[in-house]
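Overview (structure and organization)
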Amino acid sequence: MERCNVCKNPPALERRVNNEGLVFCSDGCYETFDGSPHDHGHPYIDAYDAVRWAFISCLNTYAPAGSKEEKRVLQERIEAALEEFADYEGLGGEDGVFSREIYQYLMGLEELWDEIDLVW
Ligand SMILES: [Zn+2]
């Protein structure tokens, strides 16, 4: 099973990776890790951070018992993220670690959009 490279806990919703593909359970562990390369220079790091947070916050907002208005707002947030990062969906996750992660998050957001449609 995949484990955090710092605390050895299994990563959950807030998992993140560095550009070498090492996995961390949280930003805290990621920042603690001594051997982390300088990800901030990576061309995809801003998109990775943005999509990762969009995914985490949409999942945290998701409430199956919520109102129709909440459903509409959440679906619009998801649509905006999918549109903003459509280029990365086009890459199909085939351009390195961050590209792969971004692609997975976009797929996750699409799944969440579908689920919202079914549940509400
Ligand atoms: Zn950890």
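Attention in this report is confined to the structure presented alongside it.

Cut-offs used in this document
Residues numbered from 1 in each chain as written. Predicted model: local features only at pLDDT ≥ 70, side-chain atom pairs only at ≥ 80, totals over all residues. Heavy atoms only, no water. Helix = DSSP H or I, 4+ residues; strand = E, 2+ residues; numbered from the N terminus. Buried < 20%, exposed > 50% of the residue type's maximum accessible area, 1.4 Å probe, protein only. Expected span 1.5 Å × (residues − 1). Arc of directions from axis to C-beta. Contact = heavy atoms within 4.5 Å. Phe/Tyr/Trp six-rings, centres within 6.5 Å; stacked < 30°, edge-to-face > 60°. Lys NZ or Arg CZ within 6 Å of the ring centre and 35° of its normal.

1. Concerning the overall build of the chain
The secondary structure content of the chain amounts to five helices and two strands. Helices (α) and strands (β) of the chain occur, in sequence order from the N terminus, as β-β-α-α-α-α-α. The principal-axis extent of the C-alpha atoms belonging to the chain is close to 45 × 30 × 20 Å. Counting over 120 residues, the chain shows a buried share of 39%.

2. What about helix 3 (residues 68-84)?
For helix 3, which comprises 17 residues, the first-to-last C-alpha distance of 24 Å matches the rise-based estimate of 24 Å (1.5 Å per residue) to within 8%. Residues of helix 3 that are buried include every one of Lys-71, Leu-74, Gln-75, Ile-78, Ala-81 and Leu-82, and no others. Within helix 3, the buried residues cover an arc of 120° as seen down the axis, which keeps them to one side. Residues Glu-83 and Glu-84 are exposed on helix 3 and point more than 90 degrees away from its buried face. Residues of helix 3 that are buried make contact with helix 2 (45-61), helix 4 (86-91) and helix 5 (97-119).

3. Some details on the packing of aromatic side chains
Centre distance and the angle of the planes are the two values used to describe a pair of aromatic rings. Taken as a whole and assessed by the stated rule, the structure comprises seven aromatic pairs. Taken together, a centroid distance of 5.1 Å and an interplanar angle of 55° make the contact between Phe-24 and Phe-33 tilted. Ring plane angle 55° and centroid distance 6.3 Å describe the contact between Phe-85 and Tyr-88, whose orientation is recorded as tilted. Taking relative accessible area as the criterion, Phe-85 reaches 8% and is therefore assigned buried. Ring pairs connect the aromatic residues Tyr-48, Phe-55, Phe-98 and Tyr-105, which therefore count as one cluster. The ring of Tyr-30 is capped by Arg-16, whose NZ or CZ atom sits 4.0 Å from the centre of that ring.

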